[in-house]
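# Structural characterization, general
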Amino acid sequence: MVALKEIGVLYHDRSGPANTEATLLAAKKRAEALGIRRIVVASTTGRVAIRACEMFKGFDLVVVRQHTGWESPGSQQMAMENEKAIVESGAKIVTAGHALSGIERSIRTKWNTVGPLELMADTLRIFGEGTKVCVEITVMAADAGAIPMDHSVVAIGGTDNGADTALVIEPAHSNNFFDLYVSEVVAKPQNRLPSQ
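Residues numbered from 1 in each chain as written. Predicted model: local features only at pLDDT ≥ 70, side-chain atom pairs only at ≥ 80, totals over all residues. Heavy atoms only, no water.

Closest axis-to-axis distance for the helix 1 (residues 20–34)/helix 2 (residues 47–55) pair is 11 Å, and the angle between their directions is 40°. Crossing angle aside, the handedness with which helix 1 passes helix 2 is right-handed. Along the contact surface, helix 1 presents T20, E21, L24, L25 and K28, while helix 2 presents V48, R51, A52 and M55. (Axes fitted to C-alpha atoms, helices over the stretch in contact; angles between N-to-C directions. Helix = DSSP H or I, 4+ residues; strand = E, 2+ residues; numbered from the N terminus. Left-handed = near helix turned anticlockwise from the far one by under 90°. Contact = heavy atoms within 4.5 Å.)

Here it is, written out as structure tokens:
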């Protein structure tokens, strides 16, 4: 007989930033229960990261932000004062091209075609935008050398400038992407925002 394990999942009614606090709390609770000390969190402006820095004191926190130039050439969306506060808290910041689009996005926009990375991203989105983000930031943190490969992480991402998804992930580098494994869903939206 196979032993079954029941683990609670936090399901939000809708995706979006209103779920940030509850998602961070659920992620912390699950990380503590599993003895996971490495947390990877997505943050565009730094607001989610600053809250994560407060909540995850004593953890190895890695903040993954949008690549420079996302909105306009040479610009960084994370405010300098937020970046400073994050670094002063002891967290690491990873700034990198998106693992599931990168240069492929420019190919799509220039030649109106889709490549395998964006197909993978869209496939992950059927589980929610935050699921795609969690997988992507874990790969980005791994490629930057910001997390070790021999321990699971709790990855936190979301939809529309907030955190609504948390996953326990066994990380992998982009060149070994299919070695990555999502071992647990901690939190995710049950429904999409009407615009998604």
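The next thing to look at is the packing of helix 2 against helix 3 (residues 80–88). Taken N-terminus to C-terminus, the directions of helix 2 and helix 3 make an angle of 20°; their axes are 10 Å apart at the nearest point. Relative to helix 3, the element helix 2 is oriented roughly parallel. The element helix 2 and its partner helix 3 pack so that their crossing is left-handed. Every residue of helix 3 that contacts helix 2 at R47, A49, I50 and C53 is listed here: N82, A85 and I86. Taken together, the residues that form the contact of helix 2 with helix 3 break down as five nonpolar, one polar and one charged. (Parallel < 35°, antiparallel > 145°, perpendicular 65-115°, else oblique. Nonpolar A, V, L, I, M, F, W, Y, C, P; charged D, E, K, R; others polar.)

Our next topic: the layout of surface pockets. What the largest pocket holds in volume is close to 570 Å³. Taken together, 28 residues make up the lining of the largest pocket; nearest its centre are T44, Q66, E129, V133 and G158. Looking at the lining of the largest pocket, the elements with two or more residues in it are helix 2, strand 3 (60–65) and helix 6 (129–143). Counting residues per element, the lining of the largest pocket draws most heavily on helix 6, which supplies six residues. A breakdown of the residues in the lining of the largest pocket according to their chemical character gives eight nonpolar, twelve polar and eight charged. (1 Å grid on protein atoms, 1.4 Å probe; cavity = no way out; pocket = protein on both sides within 12 Å on 5 of 7 lines; lining within 4 Å. Points joined across faces, edges and corners; volume = space filled by probe spheres on them.)

Our focus in this paragraph is the pairing of strand 7 (residues 181–189). Of the pairings in the sheet, the one linking strand 1 (residues 10–12) to strand 7 comprises three bridges and is parallel in character. Of the residues in strand 7, the one forming a bridge with Y11 is K188. Relative to strand 7, strand 6 (residues 165–170) runs antiparallel, the two sharing five bridges. In the strand pairing of strand 7, I169 is matched with V182. (Pairing = 2+ DSSP bridges.)

A few words now on the packing of aromatic side chains. Tallying each qualifying case throughout the model produces two aromatic pairs. Judged by centre distance (5.2 Å) and plane angle (90°), the rings of F56 and F59 are edge-to-face. For the ring pair F177 and F178, a centre distance of 5.2 Å and an interplane angle of 85° mean the geometry is edge-to-face. When its relative accessible area of 16% is taken as the criterion, F177 is described as buried. What makes F178 exposed here is its relative accessible area of 70%. One Lys or Arg, R37, reaches over the ring of F59 and ends 3.8 Å from the middle of that ring. Taking NZ or CZ as reference, K110 lies 5.5 Å from the ring centre of W111, over its face. (Phe/Tyr/Trp six-rings, centres within 6.5 Å; stacked < 30°, edge-to-face > 60°. Buried < 20%, exposed > 50% of the residue type's maximum accessible area, 1.4 Å probe, protein only. Lys NZ or Arg CZ within 6 Å of the ring centre and 35° of its normal.)

Strand order in the open sheet made by the seven strands is 1-7-6-5-2-3-4, with mixed pairing throughout. The open sheet is flanked by strand 1 and strand 4 (92–95), the only strands paired with a single partner. Between one strand axis and the next, the sheet turns by 25° as a mean value, whatever way the strands run.

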